[in-house]
Amino acid sequence: MITIASLIVFLAFYTLYYTSKRAVLSYDLGFEKWMKNNPKQTKITGLSLLLLAYAFWLFTQSLGCGTLMFFIQLMTIGSLIVILSPLKKISNKAIIAIFIIVAVLELYYN
């Protein structure tokens, strides 16, 4: 469940990052072009995903711990996206591989 919340936080921040006018953006994928052409829907989608991820954190943890972990995760993933996205180090295959490994580790240790 924590891995799913992490993936949703990543997607939410990534969609909100693409609505920024100051960021250096690359439009290699089809959904990135859609996000550029539809900024209002992209912001609504990003905020909805953030609320969904926060709800997952509250469901898995208590109110205080879930809120703290959500903001720690949001800051960590957000700073990685801001740093690595202009360098084009974020690829779909790498993200999928990382989340599969994390999901397997989460299931193994629970």
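Since the structure is predicted, the reported quantities are computational estimates derived from the model, not experimental observations.

Participant: Honestly, the overall build of the protein chain in this entry has me stumped. Any pointers?
Facilitator: Counting its regular elements, the protein chain contains five helices and zero strands. Mapped in sequence order, the helices and strands of the protein chain form the string α-α-α-α-α. Against the globule reference of 13 Å for 110 residues, the protein chain gives a C-alpha radius of gyration of 14 Å, in line with a compact fold. The C-alpha extent of the protein chain, read off along each of the three principal axes, is 40 × 25 × 20 Å. Going through the 110 residues of the protein chain one by one, you find that 30% of them count as buried.

Participant: Help me understand the packing of aromatic side chains, please; the structure alone is not making it clear to me.
Facilitator: The relation between two aromatic rings is expressed through the spacing of the ring centres and the mutual angle of the planes. Tallied over the full model, the rule gives seven aromatic pairs. Measuring from centroid to centroid gives 6.4 Å for Phe-10 and Phe-99, while their planes differ by 55°, and the two rings are tilted. Remark: Phe-99 occurs in helix α5 (residues 92-109) and Phe-10 occurs in helix α1 (residues 2-17); sequence separation between them is 89 residues. Ring geometry for Phe-70 against Phe-71: centres 5.3 Å apart, planes inclined by 65°, an arrangement best described as edge-to-face. Here the aromatic cluster, defined as three or more aromatic residues joined through ring pairs, consists of Phe-10, Tyr-14, Tyr-17, Tyr-18 and Phe-99.

Participant: Help me understand the confidence of the model for the protein chain in this model?
Facilitator: Detail in the predicted coordinates should be disregarded across regions flagged by low pLDDT. Per-residue pLDDT for the protein chain has a mean of 86; in total, 93% of the residues score no lower than 70. Within the protein chain, helix α3 (residues 39-60) carries the highest mean pLDDT (93), whereas helix α2 (residues 30-37) carries the lowest (77).

Participant: How should I be thinking about the packing of α3 against helix α4 (residues 63-84) in this particular structure?
Facilitator: To describe two helices that pack against each other, one gives the angle between their axes and the distance between the axes. Here α3 crosses α4 at 135°, and the two axes come no closer than 8 Å. As the angle between them shows, α3 and α4 are arranged oblique. For the pair α3 and α4, the sense of crossing is right-handed. Residue-level contacts link Leu-50, Ala-53, Tyr-54, Trp-57 and Leu-58 of α3 to Leu-63, Gly-66, Thr-67, Met-69, Phe-70, Gln-73 and Leu-74 of α4. Residue composition of the contact of α3 with α4, by class: nine nonpolar, three polar and no charged.

About the thresholds
Residues numbered from 1 in each chain as written. Predicted model: local features only at pLDDT ≥ 70, side-chain atom pairs only at ≥ 80, totals over all residues. Heavy atoms only, no water. Helix = DSSP H or I, 4+ residues; strand = E, 2+ residues; numbered from the N terminus. Rg over C-alpha atoms; globule rule 2.2 N^0.38 Å. Buried < 20%, exposed > 50% of the residue type's maximum accessible area, 1.4 Å probe, protein only. Phe/Tyr/Trp six-rings, centres within 6.5 Å; stacked < 30°, edge-to-face > 60°. pLDDT = per-residue confidence, 0-100. Axes fitted to C-alpha atoms, helices over the stretch in contact; angles between N-to-C directions. Parallel < 35°, antiparallel > 145°, perpendicular 65-115°, else oblique. Left-handed = near helix turned anticlockwise from the far one by under 90°. Contact = heavy atoms within 4.5 Å. Nonpolar A, V, L, I, M, F, W, Y, C, P; charged D, E, K, R; others polar.

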